[in-house]
Amino acid sequence: MRPVVKAAGILAGIGAAVGILAFIYLMNTGLSARETPGALETALALRARNLTIGWHARKVTNPTQSNPELLAQGREHFADHCATCHANDGSGNTDFGRGMFPKPPDMRLARTQQLSDGEMFYIIENGIRFTGMPGFGTGDTSAKSSSWALVNFIRHLPQLTEEELSEMEGLNPAPPAEIERRLQERQFMQGGDSPKPAMPMPMPPHKGDHK
Ligand code: HEC
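Criteria and thresholds
Residues numbered from 1 in each chain as written. Predicted model: local features only at pLDDT ≥ 70, side-chain atom pairs only at ≥ 80, totals over all residues. Heavy atoms only, no water. Helix = DSSP H or I, 4+ residues; strand = E, 2+ residues; numbered from the N terminus. Rg over C-alpha atoms; globule rule 2.2 N^0.38 Å. Buried < 20%, exposed > 50% of the residue type's maximum accessible area, 1.4 Å probe, protein only. Contact = heavy atoms within 4.5 Å. Areas by Shrake-Rupley, 256 points an atom, 1.4 Å probe, with all protein chains shown as cover. Lys, Arg positive; Asp, Glu negative; His and termini not counted. Charge placed at Lys NZ, Arg CZ, Asp CG, Glu CD. Near = heavy atom within 4 Å. Polar contact = N/O pair within 3.5 Å; in protein donor to acceptor, adjacent residues only side chain to side chain. Nonpolar A, V, L, I, M, F, W, Y, C, P; charged D, E, K, R; others polar. Donors = N, O, S within 2.8 Å, 3.2 Å for Na, K, Ca; no water. Tetrahedral: all angles 85-135°; square planar, octahedral: opposite > 155°, others 65-115°. Core = buried A, V, L, I, M, F, W, Y, C linked by side-chain atoms within 4.5 Å. Salt bridge = Lys/Arg side-chain N within 4 Å of Asp/Glu carboxyl O. Phe/Tyr/Trp six-rings, centres within 6.5 Å; stacked < 30°, edge-to-face > 60°.

Student: Help me understand the overall build of the protein, please; the structure alone is not making it clear to me.
Tutor: When helices and strands are tallied, the protein shows 10 helices and 0 strands. Along the protein, from the amino end to the carboxyl end, the secondary structure elements read α-α-α-α-α-α-α-α-α-α. Relative to a compact globule of 211 residues, whose C-alpha radius of gyration would be 17 Å, the protein shows 23 Å and is clearly more extended. When its C-alpha atoms are laid out on the principal axes, the protein stretches across 90 × 45 × 30 Å. For the protein, with 211 residues in total, the buried portion stands at 26%. Long-range pairs, those at least 24 residues apart, make up 61% of the contacts in the protein between residues at least 6 apart in sequence. Counting every atom, the protein has about 14800 Å² of accessible surface; 62% of that belongs to carbon and sulfur. A distance of 13 Å separates the average location of the 21 positive side-chain charges in the protein from that of its 22 negative side-chain charges.

Student: What is the right way to look at the site of the ligand in this model?
Tutor: For the ligand, the set of nearby residues contains 23 residues, the closest of which are Cys82, Cys85, His86, Thr112 and Met133. Within the side chain of His86, an N or O atom sits 2.8 Å from a nitrogen atom of the ligand. Within the side chain of Thr112, a nitrogen or oxygen atom sits 2.6 Å from an oxygen atom of the ligand. Elements with a minimum of two residues in the shell around the ligand: helix H4 (83–86), helix H6 (110–113), helix H7 (117–126) and helix H8 (141–156). Looking at the shell around the ligand, its residues break down into 15 nonpolar, 5 polar and 3 charged.

Student: I would appreciate a short explanation of the coordination of the iron atom of the ligand in the present structure.
Tutor: Perfect tetrahedral coordination of a metal by four donors corresponds to 109.5 degrees between them, and perfect octahedral coordination by six donors corresponds to 90 or 180 degrees. Distances from the iron atom of the ligand to its protein donors, His86 (NE2) and Met133 (SD), fall at 2.0 to 2.2 Å. Considering all 6 donor atoms around the iron atom of the ligand, the spread of angles at the metal, 86 to 178°, places the coordination shape in the octahedral class. With a gap of 47 residues between them, His86 in helix H4 and Met133 in the loop between H7 and H8 connect regions that are remote in the sequence. Across the pair, exposure class does not vary: His86 and Met133 are buried alike.

Student: Help me understand the nonpolar core, please; the structure alone is not making it clear to me.
Tutor: A general tendency of soluble globular proteins is for nonpolar side chains to be buried together. Within the largest apolar cluster, 21 residues are counted, with the highest numbers of intra-cluster contacts made by Phe78, Ile123, Val151, Phe153, Ile154, Leu157 and Met168. At 5 residues, the largest contribution of residues to this core is made by H8. Not counting residues within four places of it along the chain, the set of residues in contact with Phe153 comprises Leu71, Gly74, Arg75, Phe78, Asn88, Leu160 and Met168.

Student: Can you walk me through the pattern of salt bridges in this structure?
Tutor: Side chains bearing opposite charge may pair, as long as their charged atoms lie close to each other. The final tally for this structure, using the stated rule, is 7 salt bridges. The closest approach of N and O atoms between Asp89 and Arg108, which form a salt bridge, is 3.7 Å. Taken together, the residues Asp89 in the loop between H4 and helix H5 (95–98) and Arg108 in the loop between H5 and H6 connect sequence positions 19 residues apart. Overall, Asp89 belongs to the partly exposed group, its relative accessible area being 23%. Residue Arg108 is classed as partly exposed on the basis of its relative accessible area of 32%.

Student: Just checking my understanding: could you explain the packing of aromatic side chains for this structure?
Tutor: The description of an aromatic ring pair uses the distance of the two centres, along with the angle that the planes make with each other. Here the structure, examined in full by the defined rule, presents 2 aromatic pairs. Between the aromatic rings of Phe78 and Phe153, the centroid separation amounts to 5.2 Å while the plane-to-plane angle is 50°, which identifies the pairing as tilted. Within this pair, whereas Phe78 is found in helix H3 (residues 68–81), its partner Phe153 is found in helix H8, the two being separated by 75 residues in sequence. In this pair, the class of Phe78 matches that of Phe153, namely buried. When the centroid spacing of 4.1 Å and the interplanar angle of 5° are considered together, the rings of Phe121 and Trp148 count as stacked.

Here you go:
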């Protein structure tokens, strides 16, 4: 048998074995997003991800320099658009975050802080395929400058103060029942009907039946 044919045969054999093992693994574990990826899976996926992002982001340098105004802009934007998954403090400890696979990492730690500014910018603009991380870029200049403000803010996460955290809580998107309550309160202040009790949450709060 020619060596090339033999090598192809061996490769096909290995491929089939990996496929069968992956199938058995998935049949056992299912595709639940509540699980945490294993250490090997995380390490391999992260390395592959960082290689491709690094390749794209190599030439992109941060055109801004951190200052209080830029940090405030990033903080506000983060509380409104990112904290649902990443939490105000960047820990990723949120209902959405815990239910994802892979989960949002603690951005105060080395894994995130070791990314270059260009890599972070690329991630915010383009998202990360096959994960819950959406791409926020629209291609226009104002969206780009928001993304740079977010990069500066993520760098600041390890030094976030209590005052900043409580300010962010006021900027987090309100749940529908809270919006309804504020609306009724405003109507009441303007001399309309007296406020009715807040509407029930449209979704049950998913408690109790969790492991
Ligand atoms: C719907 C949930 C969701 C939202 C909203 C979201 N992210 Fe993410 N983000 C994720 C997940 C999940 C990951 C982890 C992806 C992975 O493991 O490769 C992630 C990863 C990241 C990373 C890479 C961190 C690392 O160490 O790998 C950055 C930076 C980031 N997000 C920034 C943001 C910013 C800034 C916003 C808001 C503009 C945002 N994200 C909004 C889910 C989200």
